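# Working through the structure, step by step
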Amino acid sequence: MKIFQFFRKIILKTSSLNFPFFLFLRASTFIFLIFCGFVFSVAAQNSDDVIRIESDDVIRIETDLIPFEISVSDKSGKPVRGLKAEDFRVFEDGVERQIEFFEPVKRQNDSRPLSIVFALDVSGSMTAEEFSRLRGALQTFIQNLADYQSHFAVMSFAMEVKTLQSFTNRPDKLEKTFDKLMKDDGGLSTHAYDAVDDAIRMLQKKSPSNIKNQIPKRAVILITDGFPVGDVVSPKTVIERANNAETSVYSVILPSFSRFQGNKKPLLTPLEASGLIEKTGGKTFYANRNDYATLFKSLAEEITSSYVLAFYTSDESEGKFRQVRIETSRDLTIKQNRNGYQVKIKK
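Conventions and cut-offs
- Residues numbered from 1 in each chain as written.
- Predicted model: local features only at pLDDT ≥ 70, side-chain atom pairs only at ≥ 80, totals over all residues.
- Heavy atoms only, no water.
- Pairing = 2+ DSSP bridges.
- Helix = DSSP H or I, 4+ residues; strand = E, 2+ residues; numbered from the N terminus.
- Axes fitted to C-alpha atoms, helices over the stretch in contact; angles between N-to-C directions.
- Contact = heavy atoms within 4.5 Å.
- Core = buried A, V, L, I, M, F, W, Y, C linked by side-chain atoms within 4.5 Å.
- Buried < 20%, exposed > 50% of the residue type's maximum accessible area, 1.4 Å probe, protein only.
- Salt bridge = Lys/Arg side-chain N within 4 Å of Asp/Glu carboxyl O.
- Polar contact = N/O pair within 3.5 Å; in protein donor to acceptor, adjacent residues only side chain to side chain.
- Arc of directions from axis to C-beta.
- Phe/Tyr/Trp six-rings, centres within 6.5 Å; stacked < 30°, edge-to-face > 60°.
- Lys NZ or Arg CZ within 6 Å of the ring centre and 35° of its normal.

What follows concerns the sheet that holds strand β11 (residues 247–253). Pairing is mixed across the open sheet formed by six strands, whose spatial order is β9-β8-β7-β10-β11-β12. Each having just a single partner strand, β9 (161–168) and β12 (284–286) make up the two edges of the open sheet. The mean inter-strand angle of the sheet, taken between neighbouring strand axes irrespective of direction, is 15°. Sitting on the sheet, helix α9 (residues 293–304) is in contact with β7 (114–121), β10 (217–224), β11 and β12, with an inclination near 165° to β11.

Take the sheet that holds strand β14 (residues 321–328) next. The strand order across the open sheet built from four strands is β5-β4-β14-β16, with neighbouring strands paired in antiparallel fashion. Strand pairing shows two members of the sheet lacking a second neighbour, β5 (95–97) and β16 (340–342), which therefore form its edges. The sheet shows a mean angle of 35° between the axes of neighbouring strands, taken without regard to direction. Pairing analysis gives three bridges linking strand β4 (residues 88–92) to β5, with the strands arranged antiparallel. Looking across to β5, one finds that Glu92 is bridged to Val95.

As a further point, take the nonpolar core. Ile116, Phe118, Phe141 and Phe296 are the most contacted members of the largest nonpolar core, which totals 36 residues. Residue assignment for this core shows that the elements contributing at least two residues are β7, α3 (128–144), β8 (151–157), α4 (171–183), β10, β11 and α9. For this core, the leading source of residues is α3, giving six residues. Residues in contact with Phe118, not counting those within four places in the same chain, are Leu138, Phe141, Ile142, Phe152, Ala153, Val154, Met155 and Ile221. Counting residues in hydrophobic clusters, the runner-up holds 25 residues, among them Ala119, Ala153, Phe167 and Val196.

Evaluation of the coordinates by the stated rule reveals 17 salt bridges. Linking Arg112 and Glu69 is a salt bridge whose minimum nitrogen-to-oxygen distance equals 2.4 Å. Here the residue Arg112 occupies a position in the loop between β6 (101–104) and β7, and Glu69 occupies one in strand β3 (residues 65–73), the gap between them amounting to 43 residues. Classification of Arg112 as buried rests on a relative accessible area of 3%. Measuring nitrogen to oxygen at the nearest pair gives 4.0 Å for the salt bridge that ties Glu246 to Arg338. Of this pair, Glu246 sits in the loop between α6 (235–244) and β11 while Arg338 sits in the loop between β15 (333–336) and β16, and the two are 92 residues apart along the sequence. Taking relative accessible area as the criterion, Arg338 reaches 8% and is therefore assigned buried. What you see here is one network of salt bridges that share partners, running through Glu69, Arg112 and Lys217.

A relative accessible area of 7% means that Glu69 is categorised as buried. At a separation of 2.4 Å, a polar atom in the side chain of Glu69 contacts the side chain of Arg112. Filtering out sequence-adjacent residues up to four positions away, Glu69 remains in contact with Arg112, Lys217, Ser306, Tyr307, Val308, Lys335, Gln336 and Asn337.

So, on to α6. For α6, the set of buried residues is Val238, Ile239, Ala242 and Asn243. For α6, the buried positions fall inside an angular range of 135° around the axis, keeping them on one side. Facing away from the buried side of α6 by more than 90 degrees, the exposed set consists of Lys236 and Asn244. Elements that come into contact with the buried residues of α6 comprise α5 (192–206) and β11. A positive backbone phi angle near 55° is found at Glu246, which sits one or two residues after α6.

Our focus in this paragraph is the environment of Ser150. Looking at the secondary structure, you find Ser150 in the loop between α3 and β8. On the basis of relative accessible area, Ser150 is assigned to the buried category, the value being 5%. In this structure, the C-alpha to C-alpha distance between Ser150 and Arg112, residues 38 residues apart in sequence, is 8.9 Å. Here Leu145 takes part through its backbone oxygen, which lies 2.7 Å from a polar atom of the side chain of Ser150.

Moving on, we get to the packing of aromatic side chains. With the rule as written, the count across this model stands at eight aromatic pairs. An angle of 35° between the planes, with centres 5.7 Å apart, marks the rings of Phe88 and Phe102 as tilted. Taken together, the residues Phe88 in strand β4 and Phe102 in strand β6 connect sequence positions 14 residues apart. With a relative accessible area of 5%, Phe88 lands in the buried category. Their ring planes at 70° and their centres at 5.9 Å tell us that Phe118 and Phe141 sit as a pair that is edge-to-face. Linking Phe118 in strand β7 with Phe141 in helix α3, this pair joins segments that are 23 residues apart in sequence. When its relative accessible area of 0% is taken as the criterion, Phe118 is described as buried. Sitting over the face of the ring of Phe91, Arg325 holds its NZ or CZ atom 4.6 Å from the ring centroid.

Interpretation note: all reported values are geometric properties and have no functional meaning in isolation.
Here it is, written out as structure tokens:
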């Protein structure tokens, strides 16, 4: 700005000089100002690729990091904690990529924040007694995750999907929400896929995108009998939305269905058969009519034992889907929250 002011003063002062020299000086100044404007414009465009952080360091970003949520279990199905980046290998379309970022949800002295939406089936799948036990288990679940800087939202669904509480970390608000659920009776339809779709949209639009400089793990906990009826949105669409939003879906199958199986291995429900849980990196839990507490303890363990890792893509071609496979050298089972990604079109 000082350069522009300097030349403005010269032009004003030389206006009293002889006319040919004045024209020459003005023309020269005008050309110089155009050149300066071009230089500053290019610099401004280049500055879009530079991110300044709180220190004096400058990080130059050429491409976006591609994140993946993963959970790891041993042969018995128990979650495995304490793994490091060097325990994993990432392949994009068969080509190994370097892991640029790695973080577990739970660390020794810190934890990654959580954003969780509860979607509860109120289509008559639960008795009042069952809901009372479920409510107690949910409250304990929330208390156990309080150290994770967690934010929770609550939705109910039957013939229609309702948002009863948007994201909050206040137990008193959640307590009042559970009171509302006791009185909610939404009819016989079970719009489970619509509920998950709305929950993912809520996570995208209303959940905190950054908590204390950390990206929260996103999850939907679907509590239902496992028999969706009357949905508008297809499972395929919900899976795609969940993958794009980096959200995992977990399901709790209620005793109203589980108890028909007795002590036998639970049959696959239509919800599970749709692939919604498996293809988003989630897990299904079967509720015992007499013990919700143990189930939600296992669910909390599953959610908080996951990891996030990220790498840079080498190809920024828009619209191309890339298959991603994550492996470990150990004799462990890995679940990914998605099996690949598609480069978003930049507008």
